[in-house]
Amino acid sequence: MKLDTTGLESALPLFGANCQMVDGFTAAPAFELPTTLDFDGFQKEAIQMVKPAKGTTTLAFIFKEGVMVAADSRASMGGYISSQSVKKIIEINPYMLGTMAGGAADCQFWHRNLGIKVCRLHELANKRRISVTGASKLLANILYSYRGMGLSVGTMIAGWDETGPGLYYVDSEGGRLKGPRFSVGSGSPYAYGVLDSGYRYDMSIEEAAELARRAIYHATFRDGASGGVASVYHVGPNGWKKLSGDDVGELHYKYYPVTPSTVEQEMVEVSAA
Amino acid sequence: MSIFEYNGSALVAMVGKNCFAIASDRRLGVQLQTIATDFQRIHKIHDRLFIGLSGLATDAQTLYQRLMFRHKLYQLREERDMKPETFASLVSALLYEKRFGPYFCQPVIAGLSDDDKPFICTTDSIGAKELAKDFVVAGTAGDSLYGACEAMFKPDMEPEELFETLSQALLASVDRDCLSGWGGHIYIVTPTEVKECTLKGRMD
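Residues numbered from 1 in each chain as written. Chains lettered and ligands numbered in written order. Predicted model: local features only at pLDDT ≥ 70, side-chain atom pairs only at ≥ 80, totals over all residues. Heavy atoms only, no water.

*Asks:* Tell me about empty space enclosed by the protein, and name the residues and values.
*Replies:* Residue and element names in this part refer to chain B. In the structure shown here, the tally under the stated rule is two cavities of 30 Å³ or more. When its residues are assigned to classes, the lining of the largest cavity shows two nonpolar, two polar and five charged. Put simply, the second largest cavity is a space of about 30 Å³. Along the walls of the second largest cavity sit F39, Q40, R41, H43, L53, A60 and Q61, which together make up its complete lining. Taken together, the residues that form the lining of the second largest cavity break down as three nonpolar, three polar and one charged. (1 Å grid on protein atoms, 1.4 Å probe; cavity = no way out; pocket = protein on both sides within 12 Å on 5 of 7 lines; lining within 4 Å. Points joined across faces, edges and corners; volume = space filled by probe spheres on them. Nonpolar A, V, L, I, M, F, W, Y, C, P; charged D, E, K, R; others polar.)

*Asks:* Could you give me a rundown of the sheet that holds strand 11 (residues 229–236) of chain A, with the residues and numbers involved?
*Replies:* Residues and elements named next belong to chain A. Overall, antiparallel pairing links the five strands, which are arranged 10-1-2-11-12 in an open sheet. What marks the edges here is a single partner per strand, and that holds for strand 10 (181–184) and strand 12 (239–247). The average angle at which neighbouring strand axes cross in this sheet is 15 degrees, direction not considered. Relative to strand 2 (residues 66–71), strand 1 (residues 58–63) runs antiparallel, the two sharing six bridges. Across the sheet, A60 pairs through a bridge with V69, a residue of strand 2. Running at roughly 155 degrees to strand 1, helix 5 (residues 205–222) makes contact with strand 1, strand 2, strand 11 and strand 12 of the sheet. Against the sheet, helix 6 (residues 248–255) contacts strand 11 and strand 12, and its axis sits at roughly 75 degrees relative to strand 12. (Pairing = 2+ DSSP bridges. Helix = DSSP H or I, 4+ residues; strand = E, 2+ residues; numbered from the N terminus. Axes fitted to C-alpha atoms, helices over the stretch in contact; angles between N-to-C directions. Contact = heavy atoms within 4.5 Å.)

*Asks:* Can you tell me about helix 3 (residues 132–145) of chain A, naming the residues and giving the values?
*Replies:* All names here are of chain A. With 14 residues, helix 3 should reach 20 Å at 1.5 Å per residue; the first-to-last C-alpha distance of 20 Å fits that figure. When we look at burial in helix 3, the residues that qualify are V132, A135, S136, L139, A140, I142, L143 and S145. In the core, the buried residues of helix 3 are packed alongside strand 6 (96–99), helix 2 (104–126), strand 7 (154–161), strand 8 (164–171) and strand 9 (176–178). (Expected span 1.5 Å × (residues − 1). Buried < 20%, exposed > 50% of the residue type's maximum accessible area, 1.4 Å probe, protein only.)

*Asks:* Tell me about the interface of chain B and chain A, and name the residues and values.
*Replies:* Opposite the 19 residues of chain B that make contact, chain A presents 27 residues. Roughly 1,800 Å² is buried in total at the junction of chain B and chain A, and carbon and sulfur atoms are behind 50% of that figure. Our count for the chain B to chain A interface comes out at two salt bridges. Between D204 of chain B and R74 of chain A there is a salt bridge, with the nearest N and O atoms lying 3.3 Å from each other. On inspection of chain B and its partner chain A, the count reaches 14 residue pairs in polar contact (both at pLDDT 80 or more). When residues in the side of chain B that touches chain A are grouped by element, the largest group, three residues, is from strand 4 (residues 33–36) of chain B. When grouped by side-chain class, the residues that make up the side of chain B that touches chain A number seven nonpolar, five polar and seven charged. (Buried area = accessible area lost by both parts, 1.4 Å probe. Salt bridge = Lys/Arg side-chain N within 4 Å of Asp/Glu carboxyl O. Polar contact = N/O pair within 3.5 Å; in protein donor to acceptor, adjacent residues only side chain to side chain.)

So this is what it looks like as structure tokens:
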């Protein structure tokens, strides 16, 4: 299996003078493989280490005014909450966003790689922006070449290109789907419930943002592995813009304010004799 | 996730000056999914004795029903309430009876014994008693609770200060645990009154 290393080629071969780092011969850049006796077993263990990290809720949908992208901000390791302030919406470039679900390191690296190596290079070489279709296809191909090696990536690529708004779901198994609405992560069933029942194509930006925020909030309420802050981004013809980042704990009491309950037994002041 | 983490729970009891407080979270879940946010984990055995049961919810309910049954029989025979020390021994014996097929619970017992001296203890799932002078913890958030209580505990606290300290310790700890939280329940028991409060916490 030939690994797709187009994403890894650095600028080094262009500067022939600085060859000290390359040992005299230009070796093809590649990830170092671990030196173990049982490579498959080691990879299986690595997969198990990363697997619990798909505890998250992310969603994105296309509507009249563009693409709405939202995510929670909790990172969990089994039962322990390791962070409540993780950035799960990655800014690939000023008009494309990627969402993070699965292994944090995997998502961060490959999105950054996509933005810098793939999209920027395409823009410079072809004098025009890369389409969402193109970017997601290139990412899917890269991930497919690493299939079975333990990468854990469940991402949505959302952007606005010449054909209008675009949304693709790409995962580390090599799957790539085009669609109008997606939600990824352990909290996605709960988010789908709210998203699907409240969705209309012709919503205003505020309505769509509120729908996305509500869907994330409901997922954080029911799912133990989602929580923290509900971030909402909008991708329009001029690029993406962060609309809000609300703490989910406060959102609960905003949607369901505490009503004073009837007191069953109350102690009354007894006047001293 | 282990069987103890199937439903998720957080329990803590703390000793003050002639009083004690026992607090729990309110979540009942099935692994990561939250089913209920008003689950009762602390039960009153009598006015000066409370037991909280963490771990598998079905075992916690069954164990509580068994303990109530035994205590009622004791009340009928002895015509008085059980002392906390005696009750702790009863819990320990009942758990060890199932040594080779245990209840997946970790109880926290808190009561006022003779001379209104507060008594707290916890046992593991097969009945090993652990008496403590300051605080005891149980549940999926147990490790976080140990840290929070150790940092916030002071000896001989009055009931109001004890309530504040215990609520802060509980809420801080469950905010670091996926499987417990969604509010809190706290009982502050002094020789003259029992105060029951519901805590407003993060619902995520």
